[in-house]
Structure formats: structure tokens, C-alpha cells
Amino acid sequence: MSIPNHILEQLNSQADLISIIGRHTTLKRAGNEYKGCCPFHGEKSPSFYVNPQKNIYHCFGCSVGGNAISFLRDYENLTFIEAVNELSKQTGIEVPKEEQQNVSYQRSAPKPVAPPPLPSPTIAHSNANHSNIDQNEINQNPQAYTDSPPYNDDNSYDNYPPLDAYDSAPYLTDSYGSDYQSGSNDSSNSSDNGYPPLWLTNTDENTDPHSMNNHADEDGNLYELLEQIQQFYQRNLTIHPHAKHYFLSRGVTEEIFETFGLGYAPFGWQHLEHQFPQDIAGLKALGLVRSSESGRDYDLLRDRVIFPIRDNQGRTIGFGGRALDDEVKPKYINSSDSPVFHKQHVLYGYYESRQQRANSWLVVEGYMDVIALYQAGIYGAIASMGTAINESQISRLLTLNPTLTLSFDGDSAGQKAAWRTLEIALPVLADDKELRFLTLPNNHDPDTFIKSQGSDAMHEQIANAMPLSQYIFAYLSERYDLRLAEGKAKLMSQVRALTTALPKGSSFRYLLNNDIYQKLGGKRSQNVEAKDALLDFDGDMTISQQLQLCFLFQPRALTDDPIESIWRQAGINDLHLPAHIKQKVTPDILRPVAWEDLQDSALIDIVGTIKRCLNYLPKDANAAAHFILSNVKPMTQETLSRSWGGFYKTLTARNILSLDEMIDNLVMQLLKLHLQKKMQELIKNPDHIKLAIVRKQSQLLNDWLRAQQAEQSAQMVTVQS
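### Details of the overall build of the protein chain
The helix and strand inventory of the protein chain stands at 33 helices and 19 strands. Within the span of the protein chain, comprising 721 residues, buried residues form 49% of the whole. Looking at the protein chain alone, contacts between residues at least 24 apart form 70% of all its contacts between residues at least 6 apart. In the form shown here, the protein chain has an accessible surface area of approximately 34,700 Å², with 48% of it arising from carbon and sulfur atoms.

### A word on the packing of helix α25 (residues 543-553) against helix α32 (residues 660-684)
A packed helix pair is summarised by two numbers, namely the angle formed by the two axes and the spacing between the axes. Direction vectors running N to C along α25 and α32 enclose 145°, while the axes themselves pass 10 Å from each other. For the element pair α25 and α32, the recorded crossing hand is left-handed. Residues Ile543, Ser544, Gln546, Leu547, Cys550 and Phe551 of α25 form the contact with α32, whose own contacting residues are Met662, Ile663, Leu666, Val667, Gln669, Leu670 and Leu673. Here the residues of the contact of α25 with α32 sort into ten nonpolar, three polar and no charged.

### Focus: the pattern of salt bridges
Throughout the structure, instances matching the rule amount to 17 salt bridges. Note that Glu352 and Arg310 form a salt bridge whose closest N and O atoms lie 2.8 Å from each other. You can see Glu352 sitting in helix α15 (residues 350-355) and its partner Arg310 sitting in strand β11 (residues 304-310), a full 42 residues away along the chain. Taking relative accessible area as the criterion, Glu352 reaches 5% and is therefore assigned buried. Assessed through its relative accessible area of 16%, Arg310 is described here as buried. Across the pair Asp561 and Lys611 runs a salt bridge, and its minimum N-O distance is 2.6 Å.

### Section: the sheet that holds strand β3 (residues 48-51)
With respect to topology, five strands assemble into an open sheet ordered β1-β2-β3-β4-β5, the strand pairing being antiparallel. Edge positions in the open sheet fall to β1 (28-30) and β5 (65-66), since each of these has one partner strand only.

### Overview of helix α26 (residues 562-569)
The complete set of buried residues in α26 reads Pro562, Ile563, Ser565, Ile566 and Trp567. Its side-chain oxygen at 2.9 Å from the backbone nitrogen of Ile563, Asp561 defines the N-terminal cap of α26. Looking one or two residues beyond α26, the residue adopting positive phi is Gly571, at roughly 75°.

### Considering the nonpolar core
Ranked by size, the top nonpolar core spans 60 residues in total, and within it Ile229, Phe247, Leu262, Phe307 and Tyr348 carry the most contacts. Sort the elements by how many residues they give to this core and helix α10 (residues 222-239) lands first, with eight residues. For Ile229, the contacting residues outside a window of four places in its chain are Leu272, Phe276, Leu283, Leu286, Leu288 and Phe319.

### A closer look at the environment of Gln470
Here Gln470 is to be found in helix α21 (residues 468-477). The sequence separation of Gln470 and Leu512 amounts to 42 residues, and the corresponding C-alpha distance is 9.5 Å.

### A look at the environment of Ile450
With respect to the element layout, Ile450 can be found in helix α19 (residues 446-453). Residue class for Ile450 comes out buried when judged on its relative accessible area of 13%. Sequence separation between Ile450 and Ala372 is 78 residues, and the spatial gap between their C-alpha atoms is 7.4 Å.

### Regarding the pairing of strand β12 (residues 316-323)
Burial of β12 is extensive: eight of the eight residues sit out of reach of the surface. Sheet analysis places β11 next to β12, joined by seven bridges and oriented antiparallel. By the bridge assignment, Arg304 is partnered in β12 with Ala323. Bridge analysis of β12 against strand β13 (residues 332-334) gives three bridges, and the strand direction is antiparallel. For Arg322, the partnering residue across the bridge sits in β13 and is Tyr332.

Reading guide: rules and limits
Residues numbered from 1 in each chain as written. Predicted model: local features only at pLDDT ≥ 70, side-chain atom pairs only at ≥ 80, totals over all residues. Heavy atoms only, no water. Helix = DSSP H or I, 4+ residues; strand = E, 2+ residues; numbered from the N terminus. Buried < 20%, exposed > 50% of the residue type's maximum accessible area, 1.4 Å probe, protein only. Contact = heavy atoms within 4.5 Å. Areas by Shrake-Rupley, 256 points an atom, 1.4 Å probe, with all protein chains shown as cover. Axes fitted to C-alpha atoms, helices over the stretch in contact; angles between N-to-C directions. Left-handed = near helix turned anticlockwise from the far one by under 90°. Nonpolar A, V, L, I, M, F, W, Y, C, P; charged D, E, K, R; others polar. Salt bridge = Lys/Arg side-chain N within 4 Å of Asp/Glu carboxyl O. Pairing = 2+ DSSP bridges. Polar contact = N/O pair within 3.5 Å; in protein donor to acceptor, adjacent residues only side chain to side chain. Core = buried A, V, L, I, M, F, W, Y, C linked by side-chain atoms within 4.5 Å.

Keep in mind that these numbers describe shape and distance, not what the molecule does.
Spelled out as C-alpha cells, the structure:
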């Protein structure tokens, strides 16, 4: 069986060579490569290197080297066909059963095409003027005229003229812009036959019909044809100001035009056939030229800016086209799968990022997001071709860097895409790999966020992307009512189902189940998270300052006064005193501790203000905090305002929902300190009755605190994987 070379190239370039070789020897990162002891010969010092960029290996000890296929053949003793089939399973790239499928096509002599008649005044360039055209042909076979755009479910061509219009209408005289022919603005120099300008077609081969016939029987190469088409589109961008203005208006620089090979597909039904008259078979094999039911050929991409799609070697293998008018549907069209283009195996921007030696990788939704990030100096952004990124692609990116960030829109469609990607990634998420999620604020995508906030802010957003464990809880907690046991059970059931997809022996499976179980348990786990957050935020803060910020974050904790609540639960309000002491005790001595007793003016100010404003506070935590700060004393306001922003950001980044137990712990610490201070004063100035009562209060508080800790330890349930 003969397998086309381009299929072998795709298999070798997409294979996860690190994982394949890692089954037989331990590989460790060494700069941009991996090194280890050679599996082909025994050695103590590692001299075997694997380059994940080129997907090749080499041993400097025994000189063995090669690619994925050669390793499977030479080390695992697979036959060539077995090695190819193994890589086909791993990468998802299908090996064609027919030997004839390759990158060659038969070139032909161009068909003589009579100049079309002048355009009818009733047929205009605007899509709106074709409303009187019969739609039967499109309605009967809509899939013949559409292709799926990235993250766009609308595949209609409602805003394009129906193909019947092409069958009955001439080309427009200005399809290619008469102002740019012959380098003159004089309309008398322009052709009125609707053909491309002479400078685009005036090559040695095209000017001589005999020359065309001489080369008609030669085989064409799809890669070479794609490169020529890319250059054609790129030249068209320079002569159509409205198309170039689209990119310029979005902040794209001239340098980026060249780096990404951006172009423009002019309006008109057959510009590719006119430009490449001998390559119709190749154009159809690439899906760039299609046929209507009436047998007339038409171009897939028309009046769209063009994004060339490149493989890992930098060769053009397809095109994405975006409509210049946002009202045109579909907004994006990708060229069809072909012998050289399989969209489920290609990542837009991967080649360009590799050229910049990108270290970290960021999955985004659109072409312009990739370009905006690249232009801002943030390399490593890639986008899939309108389908979800697949497992082999994720595995490959995690090989290049153990942390992969996913940036999707905050709307429903974007979050569904993020969740789907999460599910796809779990089987390759070993314990040393990490998936992070970035949802930009205010409905921004990377392109708009960089324009409004700058590249430094984007770097910060990426650095603070949400870990997988937090994202799962945040995503599912919005979909289940966690006030009910049933909601918690459903969420936990879905988490267990997710974690079964993790690799066998994964420690993360147990840890993730246990972490979310504890989150659902309420106070204990939230308390641990809150403690960590406070330590990360500012370890030098006093207990009182921490408590003040906690009250700002959760003012409704004062609805039931924490001091009174602790006093009641610890049984301190019902002291059992000896009879002789009871006789000498005044009611004032037995009253609960009040906030004023703590002698902390800032804390008293915050507590008093919150209690006065409690019924008027906004629901949003940040808005409520600012409302409180506007009503406290200037000194308190100045002190807390310096800390509030960072504190709030730290808590929300950790997805902390409740500070109940954190507040209780801080209040208990203040009470213990208060009682200890009071006992010291009574020892210095003896009052045996008061001292006995305070000691009893302190003992009850400590006993209750130990009982609480013992209960929490008993409630810690180990969640089995």
C-alpha cells in the first residue's frame, strides 16, 4: 500500500513524540528540548534528545535519530503499516484507502470563455437588490453553498445573491476595481468585460495560449497552487482600500499583514477560475471552487478578507474568510477539508507562534484574537478551525508547556465551548499538567481587551486565570441550587463522572473530588480558603483589621451579632456559679461582652455603621463595601480603602463564597484576648469574684472551641475516587 507523503508528514508532525518515547525512558525538559538516557543503548549519562518543535529525536551517543514512525518501527518493532495505523489512531488523521489520493492533480487547458454582456442596471452590487431572484436552487441544496464558520451556527447565505443570479447575470465591470488597472485612474483605460486586470493575469504562461496547452498535461501540486492563491489574495488586499481599511480599523499593522499573509477575495463569482484557468481541478479539490446544481462553477470566498491557514511547516493549506459586513451570514467561512487540509487537526497561529519560540499557550476563539495577541507580543495564542480543539492537540500543547490556558467568551456559547474543551482535555491531564480558564471582564475578548486595557493588563489576566478545580465548582454551582441537599448531590455526581475521565492512577481525581466535597460541606473548607487568602493578601494585618475587611466583604454576618452568638453557643450566658458567689454577683458582671468592651475604635465604627445601614446595602459585595466606607469616619475610611481593593480581588479570585467561620474564628480570637487581658488586670487589682467569673467564661470558651475543632475533624470524610 502506498501512502501519500503529505499524510506521512501530517502523522509525524502531529504525533505526541514525547509521550511515545516517554513510555520507554524518562525524559526531562532541557530548554526547548527534552533529554534522557537513550532507549536504544545502555548509558548512564543522558545523551538522547527529543525536539518537540520539529518532532524528531537524536542520540549523540549512538547517532540514532528519526521521527515518530521511525521510532515505532526501530524500537517497538512495528511494521511500517502498523506504525502508520498506530499514529493514525493517536492523531485522528485518516490514512486514505485509495492510493490515488495525493496532492497532485491534472492541469488542463483553459476553457475559452466569451466576455459576458454588460451588467444589467437592475442587478447591483448590493445583496439587497437580489430579493426578486428565485431561491429554489439554494433551498433544495443549502449545504452545497455553505461551510461552517468558527463558533457560528448560522450557515445561511441569506445576504448573498442566490446562484441563479450568477447563472443569469453578467460580472460587474468594477469587480476588480477599474481604478487600479494600468496604474491609472482614467476610466477609459479600464476594461469593461469583468475580467481581472491585466497586471494580475499578464504572465508569460497566460499571455500565450500555446504555452497554456503545452503545460496542460502536466500535474499540478496542491501546495504550490495554495501558495499562488495566497499571493493572489494578498495582492488583492493592496488594491482594495475598503478591505485593507477593515484590518487597519481593527489596529492591524502592515508588519502583521506580511507575517500572517492577510489578503482579500474580491467580489465576483469566478475570480479564481480567471486567475488560474489551468488549475480548475486543483481549485475544486481544495473546495475553493464549487458547482451549482445547474453546473456553473463559483468561488466559495467572495468579498471577504482572507486569513491563510498554515500547517506546522508553514505551508498554506487552506483559507478562512470573514465578511466585511457584520450583517452578512455566515460571518466566517473556512475552506473545505481537502487532501492537504483537515480542519480538526489544524490550529490557527500555531506555526507563527512556534516561529517566535512561544513557551506558554493560550487557546482563543477567533483569528483576530490570535493576531491581536501576537501583535501585542503575547505569543502562543492559537484557535481551532470552527470545531472544538481535540484531545491530541491538547496533549501536544501540554507537552510543549505543562500549563494550558483556555480563553473563551463569557456568554453562554463561549462557556459551553470552554466546558466541552475541559471534558476533552481530562483524559490527557496527568498530575503534572494543568488547565486554566480565562474569562475576560465586561464581555471582552482578547482583541477588544488589549485595545482597551493594553498588553500588560492582558499579561496579568493570563497570569491570574482560574485553575481547573475552581472553574468546575464555579461553573456547576451556577447550575444547581446549593441551598438544597439535592442540588449538592447532583453537583457531586457530575464531578465524580468528570473525574473518571482522568488518567488511571491520577492523584488529581481524589483531590478534586475531596476539594469540591469540602466546598459543598460549607464552613470548614471555606474557612481554609479564606485563611489562605488572608495570608496571601497581607500576613502582617492585625486580627481586628482582618475582621473589619471580612465585615466589609460580608456585612450580613452582623445580622445575628457574632459575639452574642458565640456567647450563647458556648453556654457562657448561663453560668453555673457556686451559691456564695451568686449572692455577691451583680447583673453587670454577667452580661455578654460588647463591641465597645474591645476598645477598638475602628472596629466599633465599622460594626456600628454596618448595623445602621444593613437594610439599605446593595446586594453586590463590592458596591455594599463602598456604601459602608462612605459612611464611616474619615480615618477608618482612609485605612480600609487602601486594603479593600486587593482583599476583594484575592477572595473573588479564589471563588470564596462565605466567610462565616472565618469571622467566627476572628471574633473568638478577639474574645480570648479580651478575657486574658481582663484576667491580668484583675490579678493586678484583685477582685476574687470577678476573677472567678472571668476564668469560668474563658474556660467555657476554650472548651467550646475544642469541641468545635473535634467535630470538624470527625466530619472530614474521605471521598474515594
